[in-house]
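Below, each chain spelled out in residue letters.
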Amino acid sequence: MKTKAIIFDLDGVLTDSAKYHYLAWKTLSEELGLTFNKEINERLKGVSRMDSFQIILEVNHAEDRFSVQEKEKLIEKKNRIYVDYIKTMTPDDILPGILPFIGHAKKAGLKLAVASVSKNAGALLSALGIADQFDYIADAAKIKKSKPDPEIFLDCAQGLRVEPENCVGIEDAQAGIEAIKAAGMQAIGIHVTITSQEPDIHLQSTEELDFEQMIR
Ligand code: B16
Ligand code: MG
């Protein structure tokens, strides 16, 4: 099947903002006396803010500790910590290999989209100076189901007016790989901690992205 579009995840693919999500959740968890570590963090990749907090609470057997309003306030607090981190980000924070890969794809006439469930995606893409490189950026506020549901990837395909079978998705999270495959697309994984479905191509870093070799 001919590739007509490439759909990028943001956190962990275009830039390493995943580390700031981790640090922000760690700060909040420590304040609340909750256990939080890299293993738990892996499960939060591609998962919405509230769903992420629910996972942390579940792991700590603390599902009933806070009311809905308290949870809303706490995730807002996590977001303020995260937003402070990403304020420091610049075009220098785009991961290696991404800009040449985007350049090749555009030259070949492919459409490009961003499938991030982050409500900070617009601000982050602007800070990186690449918002205008994409033909479509999914609006996380309109996406009802977190990855591994295929909703956000199907929304991007629709936004680009390209059939899912002609799309390639690039993800760093297991939930994202499952979402891409469930959408009927080809998946490129970047340093994914694989616990179930494997991507079609698995790379250790964005530096290994090679347009000529990987996109048909
Ligand atoms: P926010 P992605 C996801 O972005 C992150 O992987 C996930 O860790 C985060 O909880 C989610 O965005 C929501 O982000 O709190 O900024 O709305 O990987 O889909 O680009
Ligand atoms: Mg990601």
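Keep in mind that what you see is a predicted model, and the values were worked out from it rather than measured.

(A) Layout of unusual backbone geometry. Going from Lys-147 to Pro-148, the amide bond is cis rather than trans, its omega being 20°. On the secondary structure map, Pro-148 appears in the loop between strand 3 (136–137) and helix 7 (151–160). For His-191, which is not a glycine, the phi torsion comes out positive at approximately 50°. Assignment of secondary structure puts His-191 in the loop between strand 5 (186–190) and strand 6 (201–203).

(B) Quick look at the coordination of the magnesium ion (ligand 2). The magnesium ion (ligand 2) binds to the protein through Asp-9 (OD), Asp-11 (O) and Asp-172 (OD); the donor distances cover 2.0 to 2.2 Å. Motif for the magnesium ion (ligand 2), donor spacing along one chain: D-x1-D-x160-D. Residue Asp-9 is found in the loop between strand 1 (5–8) and helix 1 (18–32), and its partner Asp-172 is found in the loop between strand 4 (167–171) and helix 8 (174–182); the two are separated by 163 residues along the sequence. Accessibility assignment for this pair places Asp-9 and Asp-172 in one class, buried.

(C) View of the pairing of strand 1. Judged by which residues are buried, strand 1 turns out to be covered on both faces: Ala-5 and Ile-7 on one side and Ile-6 and Phe-8 on the other are all buried. Pairing of strand 1 with strand 2 (residues 111–114) involves four bridges; the strand directions are parallel. Paired with Phe-8 across the bridge in strand 2 is Val-114.

(D) A look at the domain arrangement of the chain. Domains assigned within the chain are domain 1 (5–15 + 93–214) and domain 2 (18–86). Between the C-alpha centres of domain 1 and domain 2 there is a distance of 24 Å. The interface of domain 1 with domain 2 comprises twelve residues on the first partner and 13 residues on the second. Across the interface of domain 1 and domain 2, roughly 1,000 Å² is buried in total on both sides, 49% from carbon and sulfur atoms. Counting the surface domain 1 buries against domain 2, the share from its top three residues, Asp-11, Asn-120 and Ser-146, is 38%. Here the residues of the side of domain 1 that touches domain 2 are counted per class, giving four nonpolar, four polar and four charged.

(E) Looking closely at the site of ligand 1. The full set close to ligand 1 counts 17 residues, and Arg-49, Ser-116, Ser-118, Lys-119 and Asn-120 are the nearest of them. In this structure, an oxygen atom belonging to ligand 1 sits 2.8 Å away from a side-chain N or O atom of Asp-11. Contact between ligand 1 and Ser-118: an oxygen atom at 2.6 Å from a side-chain N or O atom of the residue. Protein chains bury 97% of the 460 Å² of accessible surface belonging to ligand 1 in isolation. With respect to the pocket detection grid, ligand 1 is positioned in the largest pocket. The class makeup of the residues in the shell around ligand 1 is four nonpolar, six polar and seven charged. Split by domain, the shell around ligand 1 shows at least three residues from each of two domains, domain 1 (5–15 + 93–214) and domain 2 (18–86).

Parameters and conventions
- Residues numbered from 1 in each chain as written.
- Chains lettered and ligands numbered in written order.
- Predicted model: local features only at pLDDT ≥ 70, side-chain atom pairs only at ≥ 80, totals over all residues.
- Heavy atoms only, no water.
- Helix = DSSP H or I, 4+ residues; strand = E, 2+ residues; numbered from the N terminus.
- Donors = N, O, S within 2.8 Å, 3.2 Å for Na, K, Ca; no water.
- Buried < 20%, exposed > 50% of the residue type's maximum accessible area, 1.4 Å probe, protein only.
- Pairing = 2+ DSSP bridges.
- Domains from an automatic or database assignment.
- Contact = heavy atoms within 4.5 Å.
- Buried area = accessible area lost by both parts, 1.4 Å probe.
- Nonpolar A, V, L, I, M, F, W, Y, C, P; charged D, E, K, R; others polar.
- Near = heavy atom within 4 Å.
- Polar contact = N/O pair within 3.5 Å; in protein donor to acceptor, adjacent residues only side chain to side chain.
- Areas by Shrake-Rupley, 256 points an atom, 1.4 Å probe, with all protein chains shown as cover.
- 1 Å grid on protein atoms, 1.4 Å probe; cavity = no way out; pocket = protein on both sides within 12 Å on 5 of 7 lines; lining within 4 Å.
- Sits in = over half its atoms within 2 Å of the grid points.

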